[in-house]
Amino acid sequence: MAETGTTTGNTGYINGSDVLLSVGGKPIGHCTTHSITFNSETKEHAVKPLATLAKSSGLWKSKNVTSLSISISAEGVRFHGEPEGGFQENSPLWGKGQSVDVQCFMRGDDASPYLKGKFVITKIQETSPAQDDATYSIELENDGEPEVYPGKVSA
């Protein structure tokens, strides 16, 4: 059974090429893949069960979320004359040591981001194997609370 898409009336499975990442105001150019990880740090609570409960009820720990973070990674192919944001454009952003604007959105006319905020480039890497395509990868982590993310309550 096919699932219903959420953008521009499409139905079925979402094509990965329609899920885009923008760093520093430009889409990641010649991107082959990107991943977004929503992280939760938790604290466990293990307590002795009430005397009226079975001893085994104390085996189950409860958890509280103590912090949230988002990490993003992307890979792409190096390309001469890249009009979008490739290695050549993003490595100087890393070199400034400042946070950059990041957006994740679906391709289309109603491209409202589902993730938007300030992120720090924690790693950018170039790989240039002999007789093969030169590639690059970039890793980012959120810098404070993003403006838009899944589950954020509007003020």
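One structure accompanies this document, and this report is about it. (Residues numbered from 1 in each chain as written. Predicted model: local features only at pLDDT ≥ 70, side-chain atom pairs only at ≥ 80, totals over all residues. Heavy atoms only, no water.)

Counting 17 residues, the largest nonpolar core has Leu 21, Val 23, Ile 72, Val 102, Phe 119, Ile 138 and Leu 140 as the members making the most contacts within it. The element best represented in this core is strand β6 (residues 115-127), accounting for four residues. Excluding residues within four positions of it along the chain, Ile 72 makes contact with Leu 21, Ser 35, Ile 36, Val 102, Cys 104, Leu 115, Phe 119, Ile 138, Glu 139 and Leu 140. (Core = buried A, V, L, I, M, F, W, Y, C linked by side-chain atoms within 4.5 Å. Buried < 20%, exposed > 50% of the residue type's maximum accessible area, 1.4 Å probe, protein only. Helix = DSSP H or I, 4+ residues; strand = E, 2+ residues; numbered from the N terminus. Contact = heavy atoms within 4.5 Å.)

This next bit is on the pattern of salt bridges. Summed over all chains, the structure comprises seven salt bridges. Ionic pairing is found between Lys 61 and Glu 44, a salt bridge with its closest N-O pair at 3.1 Å. Highlighted residues: Lys 61 in the loop between β3 (31-45) and β4 (62-77) and Glu 44 in strand β3, separated in sequence by 17 residues. Note on Lys 61: relative accessible area 49%, which makes it partly exposed. Taking relative accessible area as the criterion, Glu 44 reaches 42% and is therefore assigned partly exposed. (Salt bridge = Lys/Arg side-chain N within 4 Å of Asp/Glu carboxyl O.)

So, on to the side chain of His 34. Mapped onto the elements of the fold, His 34 is located in strand β3. Judged by its relative accessible area of 18%, His 34 is buried. Apart from residues lying up to four places away in sequence, His 34 is in contact with Val 19, Leu 20, Leu 21, Ser 73, Ala 74 and Tyr 114.

Right, let's get into the sheet that holds strand β7 (residues 135-142). Read across the open sheet, the seven strands follow the order β2-β1-β5-β6-β7-β4-β3; overall the sheet is antiparallel. Unpaired on one side and paired on the other, β2 (26-27) and β3 mark the two borders of the sheet. Inspection of the sheet shows strand β1 (residues 19-23) paired to β2 by two bridges, in the antiparallel sense. From the neighbouring strand, Val 23 faces β2, where its bridge partner is Lys 26. (Pairing = 2+ DSSP bridges.)

Turning next to the side chain of Ser 137. Mapped onto the elements of the fold, Ser 137 is located in strand β7. Look at Ser 137 and you get buried, because its relative accessible area is 19%. Setting aside its immediate chain neighbours within four residues, Ser 137 contacts Ala 74, Glu 75, Lys 123, Ile 124 and Gln 125.

Residues in a regular strand project their side chains so that they alternate between the two faces of the sheet. One ladder, built from 14 bridges, connects β3 with β4; its direction is antiparallel. Bridging across to β4, Thr 37 finds its partner in Ser 71. Taken together, the seven bridges between β4 and β7 define a ladder with antiparallel strand orientation. Across the sheet, the residue bridging to Val 77 is Thr 135, located in β7.

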